[in-house]
There are 2 protein chains.
Amino acid sequence: MSVAKEAEAANAKYAASFTKGDLALPPARKVAIVACMDARLDTARALGLEEGDAHVIRNAGGRVSDALRSIVISQQLLGTREIIIVHHTDCGMLTFTDDVIRGKIRADLKQNVDHIAFLPFGDLRQSVLDDIQILKESPLVLDVPITGYLYEVETGKIVKVE
Amino acid sequence: MSVAKEAEAANAKYAASFTKGDLALPPARKVAIVACMDARLDTARALGLEEGDAHVIRNAGGRVSDALRSIVISQQLLGTREIIIVHHTDCGMLTFTDDVIRGKIRADLKQNVDHIAFLPFGDLRQSVLDDIQILKESPLVLDVPITGYLYEVETGKIVKVE
């Protein structure tokens, strides 16, 4: 069975006891989370977020340079005034380089993706510091509190990076 | 108190009862979810996902054209073989145009962002169909099952778009 079919069945249970149909569009806690897409990270459970609380932006690595469109919309149109970045241990982004993935795609898919920056990194802690700096220096991002964490997939803990 | 501080407190509770420290890096259910960043949508709860199950890629609108880097990494390096798209009712992307947000940023931030496509849409159902088509036509995306849904923020239900 496809995961889509399984998700439909799971959703029917979720909707049957759903009581949050009157939440407002802007996030109640005025925060945008930027986190890695990693399957082991459940941002809501790990950070204590309820439906309606926070924008959740996720991509490979949780890289802010690939989240800028969403962050601008979040701040300019929906009023968020804090940003939390979450990268994590054992991240797939530590396992390859642009050259490796570009070569794989050229070999397997016969496509040239030399124009795409896949944003891998070699140092986990530095990747968080780099992303905080990118946001602080961007003229498109408001001067709001920005906090960066490493989520430990081994323990479930977040550790502040500073 | 900042949301970051509150998240640290919530995370301490999560980590205290954490039992999933040995999950593999590749998603167990071999699926990538592409969903809107909207605060009201908890992708894990609404779709029945547990830690380790699925890549979760989220951005403003849940637009696949802004998720392509992550989808390629998900498929090429981490073996996902299904894609689920989730847009939703009352989406903020229905409320503006590129001209509106570009004008606001020019006025408020004194920045020219005419080069950024913010990917708003006027028709919710069509936005899902458009995104399915973009993936099906992309030479960078594998020929895998793709299912699109509208999540109803009023009811908690997902409705398949086809």
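Note that this is a predicted model, so its numbers are computed, not measured.

About the cut-offs
Residues numbered from 1 in each chain as written. Chains lettered and ligands numbered in written order. Predicted model: local features only at pLDDT ≥ 70, side-chain atom pairs only at ≥ 80, totals over all residues. Heavy atoms only, no water. Helix = DSSP H or I, 4+ residues; strand = E, 2+ residues; numbered from the N terminus. Buried < 20%, exposed > 50% of the residue type's maximum accessible area, 1.4 Å probe, protein only. Contact = heavy atoms within 4.5 Å. Areas by Shrake-Rupley, 256 points an atom, 1.4 Å probe, with all protein chains shown as cover. Lys, Arg positive; Asp, Glu negative; His and termini not counted. Charge placed at Lys NZ, Arg CZ, Asp CG, Glu CD. Salt bridge = Lys/Arg side-chain N within 4 Å of Asp/Glu carboxyl O. Polar contact = N/O pair within 3.5 Å; in protein donor to acceptor, adjacent residues only side chain to side chain. Axes fitted to C-alpha atoms, helices over the stretch in contact; angles between N-to-C directions. Parallel < 35°, antiparallel > 145°, perpendicular 65-115°, else oblique. Nonpolar A, V, L, I, M, F, W, Y, C, P; charged D, E, K, R; others polar. UniProt positions renumbered as here; feature names shortened; annotations may be inferred. 1 Å grid on protein atoms, 1.4 Å probe; cavity = no way out; pocket = protein on both sides within 12 Å on 5 of 7 lines; lining within 4 Å.

> Give me the lowdown on the overall build of chain A, citing residues and values where you can.
When its secondary structure is counted, chain A shows five helices and five strands. Traced from its N-terminal end to its C-terminal end, chain A shows the element sequence α-β-α-β-α-β-α-α-β-β. Across its three principal directions, the C-alpha atoms of chain A cover 50 × 45 × 35 Å. Put simply, chain A has 162 residues, and 57% of those count as buried. Taking contacts inside chain A between residues at least 6 apart in sequence as the whole, the part at least 24 apart equals 65%. For chain A, the exposed area adds up to about 6,500 Å²; of that, 53% sits on carbon and sulfur atoms. Considering chain A, the positive charge centre built from 19 side chains and the negative charge centre built from 23 side chains are found 3 Å apart.

> Run through unusual backbone geometry, naming residues and quoting values.
All names here are of chain A. Even without being a glycine, Lys30 presents a positive backbone phi close to 50°. Here Lys30 lies in the loop between α1 (3-16) and β1 (31-36). The phi torsion at Lys110 lies on the positive side, around 55°, for a residue other than glycine. Counting through the fold element by element, Lys110 comes out in the loop between α4 (98-108) and α5 (124-137). Accessibility expressed as a relative area gives 65% for Lys110, which makes it exposed.

> Talk me through the interface of chain A and chain B; I want residue IDs and the actual numbers.
The interface of chain A with chain B comprises 81 residues on the first partner and 81 residues on the second. Our enumeration of links across chain A and chain B arrives at eight salt bridges. Among the salt bridges present, the one from Arg45 of chain A reaches Glu50 of chain B, with a minimum N-O distance of 3.7 Å. Taken together, chain A and chain B are joined by 35 residue pairs in polar contact (both at pLDDT 80 or more). Counting residues per element, the ones that place at least two in the side of chain A that touches chain B are α1, α2 (43-47), β2 (54-59), α3 (68-78), α4, β4 (146-151) and β5 (158-161) of chain A. If you tally residues by element for the side of chain A that touches chain B, the top one is α1 of chain A, at nine residues.

> Describe the packing of α3 of chain A against helix α4 (residues 98-108) of chain B, naming the residues involved and giving the relevant values.
For any two helices packed against each other, the geometry comes down to the angle between their axes and how far apart the axes lie. Axis separation between α3 of chain A and α4 of chain B bottoms out at 11 Å; the angle between their running directions is 75°. Considering their axes alone, α3 of chain A and α4 of chain B lie roughly perpendicular with respect to each other. Each of Val72, Ile73, Gln76 and Leu77 of chain A in α3 of chain A lies in contact with α4 of chain B, whose residues at this interface are Ile101, Lys104, Ile105 and Asp108 of chain B. Taken together, the residues of the contact of α3 of chain A with α4 of chain B sort by class into five nonpolar, one polar and two charged.

> Describe in detail the UniProt feature "binding site: Zn(2+)" (unreviewed entry) in chain A, supporting the description with residues and values.
Listed under "binding site: Zn(2+)" (unreviewed entry) in the UniProt record, and renumbered for this structure, are Cys36, Asp38, His88 and Cys91 of chain A. Separation in sequence by 56 residues is not matched in space for these annotated residues, since their most distant C-alpha atoms are only 8.5 Å apart. If you take the residues mentioned a moment ago, the ones lining the largest cavity come down to Asp38 of chain A. With respect to the secondary-structure elements, Cys36 of chain A resides in strand β1. Non-local contacts of Cys36 of chain A, meaning those with residues more than four positions away in its chain, are made with Leu41, Arg58, Asn59, Ala60, Gly61, Gly62, Val86, His88 and Cys91 of chain A. Along the chain, the position of Cys91 of chain A falls in the loop between β3 (83-88) and α4. Judged by its relative accessible area of 3%, Cys91 of chain A is buried. Residues within four places of Cys91 of chain A in sequence aside, it is in contact with Cys36, Gly61, Phe121 and Leu124 of chain A together with Leu25 of chain B.

> Please give an account of helix α3 (residues 68-78) of chain B that cites residues and values.
Most of α3 of chain B sits out of view: nine of its eleven residues are buried. For α3 of chain B, every residue scored as buried is listed here: Arg69, Ser70, Ile71, Val72, Ile73, Ser74, Gln75, Gln76 and Leu78 of chain B. Where the residues of α3 of chain B are buried, they touch β2 and α4 of chain A together with β1 (31-36), β2 (54-59), β3 (83-88) and α5 (124-137) of chain B.

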